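Structure assessment
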Amino acid sequence: MQPAKDTLAWMYEKMVTSRRFENAIEKIYMEGKSPVFNMADGPIPGEMHLSDGQEPVAVGVCAHLNPEDVVTATHRPHHQAIAKGVDLKKMAAEIFGKATGLSGGRGGHMHIFDADVNFACSGIIAQGMGPAAGAALSRQIQGKPGVAVSFIGEGAANQGAFHEAMNLAAVWKLPMVVVVEDNAWGISVSKEASTAIQRNSDRAAAYGIPGHYIPGNDPMKIYEVAGEAIARARRGEGPTLIEVETYRLAGHFMGDAEGYRPDGEKDGLFEKDPIPAMRAKLLADGNFTEAELDALEDKAQAAVDEAIGFARESADPKPEDALTAVFA
Amino acid sequence: MENERKLTIARAMAEATAQEMRDDPSVFVMGEDIAELGGVFGNTRGLLEEFGKERVRDTPISETGFIGAAVGAAQDGMKPVVELMFVDFFGVCFDAIYNLMAKNTYFSGGNFNVPMVLMTSTGGGYSDAGQHSQCLYGSFAHLPGMKVVSPSNAYDAKGLMTAALRDPNPVIYMYHKGLQGMGWLGTEAGAIVHVPEESYEVEIGKAAIAREGHDVTIVSIAQGVHHGLKAAERLADQGIRAEVVDLRSLVPLDRDTIRASVAKTGRLIVVDEDYHSYGVSGEIIATVTESNMADLKAPPKRIAYPDVPIPFARVLEQHCLPNADKIVAAAREICGAPVPA
Ligand SMILES: Cc1ncc(C[n+]2csc(CCOP(=O)(O)OP(=O)(O)O)c2C)c(N)n1
């Protein structure tokens, strides 16, 4: 199943949007944090986990999703949120902690919630798995359309919640797809050092469900495999476990010195940057002209500029608002 | 001071652990990012290099697995030190902590001991939101069977770690991120103090008088002690002499020191970065009112985190956190000083 031209255009545009968005965030994050780097300072305080390099996973999967489908994300959620169609302006404002943000500044970058497109996060590893299974169960019971996709990192596959939710989804044949973004590192600990098998997708055998490993961080291949898995879930045939080889071009979080990476690992990574690679492929396949791709990039940049501008200009919440919205 | 050896809490913790590891081959350390990286908060730096991979182990992100494993190893003659990177993550592994670690000594009638240390980071103030900023002092201290300590400075950090490692019981060692001396989380100068090189213990269950005074007692732990000290400094300029009690341990709680201080001052303020209700602040106040009601010249006050999840945005979080301003205002109020200064 190859993506149609408009889908390809959407995928490329969303990848570029995510990258440009994070480039902007990265720069603004450092404002007020030099010469002394203190996480508490600047217009965007707190931890910042960038997803540069991992964009293909988000677009390859979300290209098959509608707003009614459910996505649960992690502490590294920007690319998935953008691909799922989370409101970029409100998301930017949330990351800045502004009153106009998705949650009025209560959640911040690790807690992006947008009910309009059924997107939710948890900063606790693997804790998107249970809620995704629950959303899938709810659709099954209610007979409502829609699937649930849980994005996790490869490190999360060693967490109890992963296995419990996986088994639940399999035993109840839930319309759920689990997408493991294997960026090889859980903070400073390599997949090899933490995980007993090479491919987490092999764990699908333990639940009697299909498992697929996708090498190469290739958006087309991800699109194809995710498409099958999501269609299968929509047909009521149960969950699928997909693991995608991807790369984190940045540190675990901003401020990470990345001393744990082997020498030269990152140089190699930048050569494999998936965005120029996709551009080159779209041109080589003769599907797109330079001008068409430039226009998509401009559109992405305009959306990012608008969102960042909105976030910058928005007002802070009122301090006392901290005490509201605890209960419905 | 000559030969002064100022250390951060992070280094003091690592030094105490290394010294015990040299003397006691049963001590080993495991947790996420504690080996190669030396701990996200720096408290295991240098251990891998000195003791190697057998005794200093990076774990998978499997808290239930490795904390449960620590319980089993502790019952089998080892002294594990495990790290729960942020206390907020207790949700994924509390059974190992509270149904196993804290209860097996009692349930086994003393057949088994569980000598282990669980290190975990606490505290907010840097906009990390409510899954990475809580203190949860009260949640841990409430449950019987585990000792709970939290240092406010590097001297106590080293001595409490040594004491914890030599204790035959499980000890929850809570270290406040804002005091670790990692520049990227800010620096609290008052936490970086002289630390003797040789090994020593700070007794678990013994509070310290961090500053003497006669008009009002400010009781706190960890970061709150520094807020209390700053407030006391300002209050002194206004003629109010505040005494600051650094609890250092929550379990056992040094009730005698609290009561003696309030007997002297007649006034009590508890500063607690943990949630307001059902927590440490209520316990301290009950400690005084249960037995020393007559000592009180004014109703006790607590400055604690309001009962809401911790928000991300700076203005929201800062509104909720305890600080010296809030303590000064409370002290002036119960001391009958005109408000504002
Ligand atoms: C239960 C739990 N344990 C530990 C952490 C701290 N932590 C945050 S991110 C991370 C590494 C996650 O690795 P992975 O799942 O592979 O995702 P990645 O960061 O590579 O995207 C860890 C250990 C956490 N948030 N939750």
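How each quantity is defined
Residues numbered from 1 in each chain as written. Chains lettered and ligands numbered in written order. Predicted model: local features only at pLDDT ≥ 70, side-chain atom pairs only at ≥ 80, totals over all residues. Heavy atoms only, no water. UniProt positions renumbered as here; feature names shortened; annotations may be inferred. Helix = DSSP H or I, 4+ residues; strand = E, 2+ residues; numbered from the N terminus. Salt bridge = Lys/Arg side-chain N within 4 Å of Asp/Glu carboxyl O. Buried < 20%, exposed > 50% of the residue type's maximum accessible area, 1.4 Å probe, protein only. Phe/Tyr/Trp six-rings, centres within 6.5 Å; stacked < 30°, edge-to-face > 60°. Lys NZ or Arg CZ within 6 Å of the ring centre and 35° of its normal. Right-handed = clockwise from strand over helix to strand, strands pointing away. Domains from an automatic or database assignment. Contact = heavy atoms within 4.5 Å. Buried area = accessible area lost by both parts, 1.4 Å probe. Axes fitted to C-alpha atoms, helices over the stretch in contact; angles between N-to-C directions. Parallel < 35°, antiparallel > 145°, perpendicular 65-115°, else oblique. Left-handed = near helix turned anticlockwise from the far one by under 90°. Nonpolar A, V, L, I, M, F, W, Y, C, P; charged D, E, K, R; others polar. pLDDT = per-residue confidence, 0-100. Polar contact = N/O pair within 3.5 Å; in protein donor to acceptor, adjacent residues only side chain to side chain. Near = heavy atom within 4 Å. Areas by Shrake-Rupley, 256 points an atom, 1.4 Å probe, with all protein chains shown as cover. Pairing = 2+ DSSP bridges.

Going by the annotation in an unreviewed UniProt entry, the name recorded for chain B is Acetoin:2,6-dichlorophenolindophenol oxidoreductase subunit beta, with Ruegeria meonggei given as the source organism. Per UniProt, chain B has the following entry under Cofactor (unreviewed entry): "thiamine diphosphate".

In the annotation of an unreviewed UniProt entry, chain A is listed under the name Acetoin:2,6-dichlorophenolindophenol oxidoreductase subunit alpha and assigned to Ruegeria meonggei. Note on chain A: under the UniProt heading Function (unreviewed entry), the record states "The pyruvate dehydrogenase complex catalyzes the overall conversion of pyruvate to acetyl-CoA and CO(2). It contains multiple copies of three enzymatic components: pyruvate dehydrogenase (E1), dihydrolipoamide acetyltransferase (E2) and lipoamide dehydrogenase (E3)." Chain A has a UniProt comment under Catalytic activity (unreviewed entry) that states "N(6)-[(R)-lipoyl]-L-lysyl-[protein] + pyruvate + H(+) = N(6)-[(R)-S(8)-acetyldihydrolipoyl]-L-lysyl-[protein] + CO2".

Let us now look at the UniProt feature "domain: Dehydrogenase E1 component" (unreviewed entry) in chain A. Residues annotated by UniProt as "domain: Dehydrogenase E1 component" (unreviewed entry) correspond here to residues 44-319 of chain A. A helix fraction of 40% and a strand fraction of 12% characterise residues 44-319 of chain A, whose end C-alpha atoms lie 17 Å from each other.

A cis amide bond links Ser34(A) with the next residue in sequence, Pro35(A), at an omega value of 5°. With an omega dihedral of -5°, the bond running from Val251(B) to Pro252(B) counts as a cis peptide bond. In this structure, Pro252(B) sits in the loop between strand 12 (249-251) and helix 9 (255-265). The residue Lys173(A) is not glycine, and still its phi comes out positive at about 50°. Positionally, Lys173(A) belongs in the loop between helix 6 (160-171) and strand 4 (176-182).

All names here are of chain A. All chains considered together, the criterion is met by 37 salt bridges over all chains. Residues Glu-297 and Arg-20 are paired through a salt bridge, measuring 3.1 Å at the closest nitrogen-oxygen approach. On the criterion of sequence distance, the pair formed by Glu-297 in helix 11 (residues 290-313) and Arg-20 in helix 1 (residues 5-30) is long-range, its members being 277 residues apart. Residue Arg-20 is classed as partly exposed on the basis of its relative accessible area, which comes to 25%. Arg-312 is paired through a salt bridge with Glu-31; the nearest N and O atoms lie 2.6 Å apart.

In the UniProt entry, the feature "coiled-coil region" (unreviewed entry) is given for residues 279-306 of chain A. Its end C-alpha atoms 24 Å apart, residues 279-306 of chain A is made of 82% helix and 0% strand.

One pass over the full model with this rule turns up 14 aromatic pairs over all chains. With centroids separated by 4.9 Å and ring planes inclined at 75°, the aromatic side chains of Phe90(B) and Phe94(B) adopt a geometry described as edge-to-face. Here the aromatic rings of Phe94(B) and Phe140(B) are separated by 5.3 Å at their centres, their planes lie at 80°, and the arrangement is edge-to-face. Here Phe94(B) is found in helix 4 (residues 94-101), whereas its partner Phe140(B) is found in helix 6 (residues 137-142), with 46 residues between them in sequence. In textbook terms, an aromatic cluster arises when at least three aromatic residues are bridged by ring pairs, as seen for Phe253(A), Phe41(B), Phe86(B), Phe89(B), Tyr175(B) and Trp184(B). Looking at Lys5(A), its charged tip hangs above the ring of Phe288(A), at a distance of 4.6 Å from the centre. Stacked on the ring of Tyr29(A), the Lys or Arg Lys33(A) has its end atom at 3.7 Å from the ring centre.

Residues and elements named next belong to chain B. Of all five residues making up strand 11 (residues 242-246), five are buried, and the element is well covered by its neighbours. Residues Ala-242, Val-244 and Asp-246 line one face of strand 11 and the alternating positions Glu-243 and Val-245 line the opposite face, and both faces are buried. Crossover strand 10 (residues 216-220) to strand 11 through helix 8 (residues 223-237) is right-handed.

What follows covers the domain arrangement of chain B. Residues and elements named next belong to chain B. Domain boundaries assigned for chain B yield domain 1 (6-194) and domain 2 (208-334). Between the C-alpha centres of domain 1 and domain 2 there is a distance of 26 Å. On the domain 2 side, the residues contacting the 30 residues of domain 1 number 25 residues. For the domain 1 and domain 2 pair, buried surface summed over both sides reaches about 2100 Å², with 54% attributable to carbon and sulfur atoms. Remark: the boundary between domain 1 and domain 2 carries two salt bridges. The partner of Lys-230 in a salt bridge is Glu-188, and the shortest N-O contact between them spans 2.7 Å. It is helix 6 that provides the largest number of residues to the side of domain 1 that touches domain 2, a total of four residues.

Once that is clear, we can look at the packing of helix 1 of chain A against helix 10 (residues 274-284) of chain A. Residue and element names in this part refer to chain A. Where helix 1 meets helix 10, the axes come as close as 10 Å, and the angle between the chain directions of the two elements is 155°. As the angle between them shows, helix 1 and helix 10 are arranged roughly antiparallel. The chirality of how helix 1 crosses helix 10 is left-handed. Together, Leu-8, Met-11, Tyr-12, Met-15, Val-16 and Arg-19 of helix 1 and Pro-274, Ile-275, Met-278, Arg-279 and Leu-282 of helix 10 make up the contact between the two elements. Of the residues that constitute the contact of helix 1 with helix 10, the class distribution is nine nonpolar, no polar and two charged.

With that out of the way, let us pick up the confidence of the model for chain B. Residues at a pLDDT of 70 or more form 99% of chain B, whose mean pLDDT is 97. Confidence metrics for the complex model read pTM 0.98 and ipTM 0.97.

This brings us to the interface of chain B and chain A. Residue-level contacts link 37 residues of chain B with 44 residues of chain A. Together, the buried faces of chain B and chain A total about 3100 Å²; carbon and sulfur atoms form 65% of this surface. Taken as a group, Ile61(B), Trp184(B) and Phe312(B) account for 21% of the area that chain B buries against chain A, more than any other trio of residues on that side. For the pair chain B and chain A, the number of links is zero salt bridges. Put simply, chain B and chain A have 13 residue pairs in polar contact (both at pLDDT 80 or more) between them. Counting residues per element, the ones that place at least two in the side of chain B that touches chain A are strand 4 (79-86) and helix 11 (314-320) of chain B. In terms of residues, the side of chain B that touches chain A owes the most to one element, helix 11 of chain B, which gives five residues. Counted by class, the side of chain B that touches chain A contains 21 nonpolar, nine polar and seven charged residues.

Attention shifts here to the site of the ligand. By nearness alone, 21 residues border the ligand, and His75(A), Arg76(A), Gly123(A), Trp185(A) and Glu63(B) come closest of all. The residues that come close to the ligand belong to more than one chain, namely chains A and B. A distance of 2.9 Å separates an oxygen atom of the ligand from a polar atom in the backbone of Gly155(A). Interatomic distance of 3.3 Å between a backbone N/O atom of Ala156(A) and an oxygen atom of the ligand. Coverage of the ligand by the protein amounts to 97% of the 580 Å² it exposes when considered alone.

So, about the sheet that holds strand 14 (residues 301-305) of chain B. Residue and element names in this part refer to chain B. Across the sheet, which stays open at both edges, the five strands sit in the order 9-11-10-13-14 with mixed pairing between neighbours. Two strands close off the open sheet at either side, each with one partner strand: strand 9 (208-211) and strand 14. Neighbour to neighbour, the strand axes of the sheet diverge by 25° on average, direction disregarded. Helix 8 contacts strand 9, strand 10, strand 11 and strand 13 (268-275) of the sheet and is inclined by roughly 170° relative to strand 11. Contacting strand 10, strand 13 and strand 14, helix 10 (residues 280-292) crosses the sheet at an angle of about 155° to strand 13.

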